[in-house]
Amino acid sequence: MSDSAVATIALLGSGSWGTALGILLCRHGHRVRLWGHESAQIEALRRDGENRQFLPGFPLPAGLTPTASLDEALAGATDCLIAVPSHAFGQVIKDVAARLSDDIGIAWATKGLDPITGQLLHMAAQAVVGARPLAVISGPSFAQEVARDLPTAVTVASNQADFAERIASLLRGERFRAYTSEDIVGVEVCGAAKNVLAIATGIADGLGFGANTRAALITRGLAELIRIGTALGGRAETFTGLAGVGDLVLTCTDNQSRNRRMGLALARGLGVSEALAEIGQEVEGVVTALSIHAMSEKLGVEMPISEQVYRVLYEQVSPEQATRALLEREPRPEIG
């Protein structure tokens, strides 16, 4: 891996988050090759000089080169960063591993689980790339606010401390702070499961339940994150950090969150397909709810809020019925 101050970064995923990260990295003086699998979309990026489909209003910097060729994106790259939806992650990892030199690690800003195996993404990646350095970027970071250069802080977690620092150093700037962590399990669980909880909060707000309910859902949702995360080997302190409570609060409380908007749409009476069509972009919490439900059952971990989201999405339970099921649960001590 090059130690040059100016990196050449293959950034795979030309949606809103990938584009925002590309703008950020170019702002810090790096060169970015932004890859997308749809040739028509990449041609539109070149023609328009911005991502009008997913991140309109932000000119693409001179250092960013859109490409539909994975070979072109990876050729001579010093670093590889993936920002595709979780359902595409496994295939992209396989394609990258076959093309990237062995001395280059792989980082990703994807928040979710592998939908086929239900695994955390670093496990799916390790099965393909072996001992190569891996890192995940997570935390409270809406794409539009990063593109606007508003102050943001994230966590970079890796199985190798020096690689976490490498990726964090690429991201850091005057208005972007990147902290490092060794708890890749905890950070990935937070990034995936908080999306399911944001759907729950959107449903509650859409039903008009108010601020008290929202605060209770976020707090009890955090307890669910901690239970499932520590059962998988994550560290409890991770869940009170940026990747945990930070991202949970962000995703549950602001309408920039597609997962929160999904919950609001369901509360209005839209079906799942109708809500997804209305939002028009990936809503990670929908597929993650399925994986989290299976994982919690396998591990014997109670996740009542996440369970009711799963039932609304996959068992045709109405938002009102799901809310009633939560309210009718047997009282118990809060802690323990």
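Going by the structure above, here's the rest.
Residues numbered from 1 in each chain as written. Predicted model: local features only at pLDDT ≥ 70, side-chain atom pairs only at ≥ 80, totals over all residues. Heavy atoms only, no water.

Draft legend 1. Structural detail: the side chain of Ser-16. One can find Ser-16 in helix H1 (residues 16-27). Not counting residues within four places of it along the chain, the set of residues in contact with Ser-16 comprises Phe-54, Leu-55, Ala-143, Arg-258 and Gln-281. (Helix = DSSP H or I, 4+ residues; strand = E, 2+ residues; numbered from the N terminus. Contact = heavy atoms within 4.5 Å.)

Draft legend 2. Fine view of the packing of aromatic side chains. A complete count under the given rule lists two aromatic pairs for this structure. Geometrically, the ring pair formed by Phe-89 and Trp-108 is edge-to-face, given 5.2 Å between the ring centres and 65° between the ring planes. In this pair, Phe-89 sits in helix H4 (residues 86-97) while Trp-108 sits in strand E7 (residues 106-108), placing the two residues 19 residues apart along the sequence. By the burial criterion, Phe-89 is buried, and Trp-108 matches it. (Phe/Tyr/Trp six-rings, centres within 6.5 Å; stacked < 30°, edge-to-face > 60°. Buried < 20%, exposed > 50% of the residue type's maximum accessible area, 1.4 Å probe, protein only.)

Draft legend 3. How the structure looks around the environment of Thr-78. By secondary structure assignment, the location of Thr-78 is in the loop between helix H3 (70-74) and strand E6 (79-82). Sequence separation between Thr-78 and Ala-267 is 189 residues; the distance between their C-alpha atoms is 46 Å. Within the structure, the side chain of Thr-78 is placed 2.7 Å from the side chain of Asp-79, a separation counted as a polar contact. (Polar contact = N/O pair within 3.5 Å; in protein donor to acceptor, adjacent residues only side chain to side chain.)

Draft legend 4. Representation of helix H14 (residues 304-314) within the structure. Along H14, eight of the 11 residues are buried, which leaves the element largely enclosed by surrounding structure. The set of residues buried in H14 consists of Pro-304, Ile-305, Ser-306, Gln-308, Val-309, Tyr-310, Val-312 and Leu-313. Two residues or fewer after H14 comes Gln-316, characterised by a positive phi angle close to 60°.

Draft legend 5. Representation of the sheet that holds strand E1 (residues 8-12) in the model. As summarised here, the arrangement of the eight strands in space is E5-E2-E1-E6-E7-E8-E9-E10, forming an open sheet in which the pairing is mixed. Two strands close off the open sheet at either side, each with one partner strand: strand E5 (64-67) and strand E10 (176-181). On average, each strand axis in the sheet is inclined to that of its neighbour by 25°, with strand direction left out of account. Strand direction decides the pairing type here: E1 and E6, joined by four bridges, are parallel. Within the sheet, the bridge partner assigned to Leu-11 lies in E6 and is Leu-81. Packed onto the sheet, helix H8 (residues 184-206) meets E7, strand E8 (134-138), strand E9 (152-158) and E10 and runs at close to 40° relative to E8. Those strands touched by helix H10 (residues 242-253) are E8, E9 and E10, and its axis lies near 140° from that of E9. (Pairing = 2+ DSSP bridges. Axes fitted to C-alpha atoms, helices over the stretch in contact; angles between N-to-C directions.)

None of this, on its own, says anything about what the molecule does.
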